[in-house]
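# Commentary on secondary and tertiary structure
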Amino acid sequence: MVKKSSSRRWLKEHFTDPYVIKAQKEGYRSRAVYKLLEIDERHHLFKPGMIVIDLGAAPGGWSQVVSKRVAPHGRVIAMDILEMDPIEGVHFIQGDFLDEATMKTLLNALSGAKPDWVISDMAPNMSGNESVDLPRSIYLSECALDFALNTLKDSGGFLIKVFQGEGFDELLLNIRRHFKTVSIRKPKASRGRSREVYIVAKDLKLKS
């Protein structure tokens, strides 16, 4: 009964959410675009000609935004284990970014180039049990960081959604070790009760 009540409450909140309504009116696939738009407005992350990898991209809201920012000569490569409808200017790879075969497909798509940014709005499937969900989230974030460190060009950037709690400080410290400028943002479109924040890491340090 508690779960049903919670689901009904979430559905009601979702369909009356002003960002959901705005996204539908403006042709975006998710309310998450407004988090990215606010962060980009403040930090000026994306420029024409850039190459950006969008991890956990489905349904494609972030890729919609970034593909316009990097046009006409930039590229967006979106990756997800879920299917995603095509977006103009976006190369989609369906698969797990931790899988060797998926990585090979990505390297073929990059054709020797290295991305300017790796971005991630990923979250694990939530069980509602924080003691399970939070470690899963931190692990996924650590994997995304490792991916970024292994693929980014020198002075590249990394943007990721992270949930605050146990393991967050260690992850943040690790990101600070590898990037010159690191900021934490809580966009207005993030729900107030959510523990999510976004880490904006700029200028990957050269490996010694």
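A brief structural summary. On a predicted model such as this, the values are computed, not experimentally measured, just so you know.

Spatially, the seven strands line up as an open sheet ordered 3-2-1-4-5-7-6, and their pairing is mixed. A single partner strand is all that each edge strand has here, and the edge strands are strand 3 (90–94) and strand 6 (179–185). Across the sheet, the mean angle from the axis of one strand to that of its neighbour is 20°, orientation sign disregarded. Two strands pair when backbone bridges link them, and strand 1 (residues 51–55) and strand 2 (residues 75–80) are joined in this way by five bridges, in the parallel orientation. Residue D54 lies in a different strand from strand 2, and its bridge partner there is A78. Together, strand 1, strand 2, strand 3, strand 4 (117–120), strand 5 (157–163) and strand 7 (196–204) form the strand contacts of helix 4 (residues 61–70), whose direction differs from that of strand 2 by roughly 165°. The sheet strands contacting helix 6 (residues 130–151) are strand 1, strand 2, strand 4, strand 5, strand 6 and strand 7, and the helix crosses strand 5 at an angle near 175°.

The final tally for this structure, using the stated rule, is five aromatic pairs. Relative to Y198, the ring of W62 lies with its centre 5.9 Å away and its plane at 40°, an arrangement referred to as tilted. With W62 in helix 4 and Y198 in strand 7, this pair connects stretches of sequence that are 136 residues apart. The two residues W62 and Y198 agree in class, both being buried.

Here the focus is a negative patch on the surface. Residues E142, D146, E166, D169 and E170 make up a contiguous surface patch of negative charge. Elements that contribute at least two residues to the negative patch include exactly helix 6 and helix 7 (168–178). Given the relative accessible area of 53%, E170 is considered exposed.

The next thing to look at is the environment of D40. Along the chain, D40 turns up in helix 3 (residues 33–43). Sequence separation between D40 and A23 is 17 residues, and the spatial gap between their C-alpha atoms is 17 Å. Those residues in contact with D40 that sit more than four places away from it in its chain are L45, F46 and R69.

In this structure, I53, L55, M79, F158, I175 and F179 are the most contacted members of the largest nonpolar core, which totals 34 residues. In terms of residue count, helix 6 provides more of this core than any other element does, eight residues in total. For F158, the residues in contact, after removing those within four places along its chain, are W117, V118, A144, L145, A148, I175, F179, I199, V200 and A201. Membership of the second largest hydrophobic core comes to 28 residues, among which are L37, F46, W62 and V90.

Definitions and limits used
- Residues numbered from 1 in each chain as written.
- Predicted model: local features only at pLDDT ≥ 70, side-chain atom pairs only at ≥ 80, totals over all residues.
- Heavy atoms only, no water.
- Pairing = 2+ DSSP bridges.
- Helix = DSSP H or I, 4+ residues; strand = E, 2+ residues; numbered from the N terminus.
- Axes fitted to C-alpha atoms, helices over the stretch in contact; angles between N-to-C directions.
- Contact = heavy atoms within 4.5 Å.
- Phe/Tyr/Trp six-rings, centres within 6.5 Å; stacked < 30°, edge-to-face > 60°.
- Buried < 20%, exposed > 50% of the residue type's maximum accessible area, 1.4 Å probe, protein only.
- Patch = residues over 30% accessible without salt bridge, like charges linked within 9 Å, V, L, I, M, F, W, Y side chains within 5 Å.
- Areas by Shrake-Rupley, 256 points an atom, 1.4 Å probe, with all protein chains shown as cover.
- Salt bridge = Lys/Arg side-chain N within 4 Å of Asp/Glu carboxyl O.
- Lys, Arg positive; Asp, Glu negative; His and termini not counted.
- Charge placed at Lys NZ, Arg CZ, Asp CG, Glu CD.
- Core = buried A, V, L, I, M, F, W, Y, C linked by side-chain atoms within 4.5 Å.

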